[in-house]
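# Coordinate inspection notes
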Amino acid sequence: MIDGDESVHLSEEKSRKLINYATIVCSIIIVLLVIYWYRLGIFTDQDKMRAYLANKKIIGPVVFVLIQIVQVVIPIIPGGISLLGGVVFFGPIQGFIYNYIGICIGSLIDFFLARYYGRSFIFHIISEETLNKYMKWTKNQKRFNWFFALCILAPAAPDDVLCLLAGLTEMKFWTYFWIIILCKPWTIAAYSLGLVYGTRWLLKLIGK
């Protein structure tokens, strides 16, 4: 017979598996969409891209921001792909703005969910082992605040995990808020530029 704690643990494990399966499905869908859009020529012809987006001037950005919020809270879409999508479809400036808005809102939601529901929510997203790797940094709140800010500023840091972790600490909301608002733009810009130039290099490499 399974007791309450084991039942919860199994439920959390199933949730993480579902997220992994959803990530695979979303990745396949994204690949198919990229192939479809590539065949339409919207990646290589600005006129075709503008025509494709002409009737999506309002709904397009709204849907994209919502997608970014969801991918931060429930990581079923690779963040790098969605960042690139914003820049490719909306341009470097608008794409950056939409990425920034969606990711910041998602990060704030992460904080509130972790603070309100605690570990019981977090373990549906990440494993206890993953969380424990970063728990040592929370023993000193002031040190963790600086560690958190530096990680949010660094492109390669596991932002989503750290945002959830921050919600478990005694970090004040406004401290968290300003770290996200002030540090996220640099990370988003670094990812976006790297992905855009990397994609252009790849297209040139294959002769497109």
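Above this text you will find the structure in question.
Residues numbered from 1 in each chain as written. Predicted model: local features only at pLDDT ≥ 70, side-chain atom pairs only at ≥ 80, totals over all residues. Heavy atoms only, no water.

Per the counting criterion, the structure on display carries zero disulfides. Unpaired in terms of disulfides, Cys104 finds its nearest cysteine sulfur in Cys163, a separation of 9.4 Å. Overall, Cys104 belongs to the buried group, its relative accessible area being 6%. (Disulfide = S-S within 2.5 Å. Buried < 20%, exposed > 50% of the residue type's maximum accessible area, 1.4 Å probe, protein only.)

Counted at 1.5 Å a residue, the expected span for helix α3 (residues 59-73) with its 15 residues is 21 Å, and the 21 Å between its end C-alpha atoms agrees. For α3, the complete set of buried residues consists of Gly60, Pro61, Phe64, Val65, Gln68, Ile69, Gln71, Val72 and Val73. (Helix = DSSP H or I, 4+ residues; strand = E, 2+ residues; numbered from the N terminus. Expected span 1.5 Å × (residues − 1).)

In a pair of packed helices, the angle between the axes and the distance between the axes together describe the arrangement. Running from N to C, helix α7 (residues 141-153) and helix α8 (residues 159-168) point in directions that differ by 155°, and their axes come no closer than 10 Å. The orientation of α7 with respect to α8, classified from their angle, is roughly antiparallel. For the pair α7 and α8, the crossing hand works out as left-handed. For the pair α7 and α8, the contacting residues are Phe144, Phe147, Phe148, Cys151 and Ile152 in the first and Asp159, Leu162, Cys163, Leu165 and Ala166 in the second. Of the residues belonging to the contact of α7 with α8, the class tally is nine nonpolar, no polar and one charged. (Axes fitted to C-alpha atoms, helices over the stretch in contact; angles between N-to-C directions. Parallel < 35°, antiparallel > 145°, perpendicular 65-115°, else oblique. Left-handed = near helix turned anticlockwise from the far one by under 90°. Contact = heavy atoms within 4.5 Å. Nonpolar A, V, L, I, M, F, W, Y, C, P; charged D, E, K, R; others polar.)

Attention now goes to the packing of aromatic side chains. Applying the stated criterion across every chain, the model contains 14 aromatic pairs. Seen in terms of ring centroids, Phe111 and Phe112 are 5.9 Å apart; in terms of plane orientation they differ by 80°. Their pairing is edge-to-face. On the basis of relative accessibility, which here comes to 1%, the residue Phe111 falls in the buried class. You can call Phe112 partly exposed: its relative accessible area is 45%. Where Phe111 meets Tyr176, the ring centres are 4.3 Å apart and the plane angle is 25°; that geometry is what we call stacked. In this pair, Phe111 is assigned in helix α4 (residues 79-117) and Tyr176 in helix α9 (residues 173-205), connecting sequence segments 65 residues apart. Accessibility assignment for this pair places Phe111 and Tyr176 in one class, buried. These aromatic residues form a ring-pair network of at least three members: Phe111, Phe112, Trp137, Phe144, Phe147, Phe148, Phe173, Trp174, Tyr176, Phe177 and Trp178. (Phe/Tyr/Trp six-rings, centres within 6.5 Å; stacked < 30°, edge-to-face > 60°.)

These figures capture arrangement, not role.
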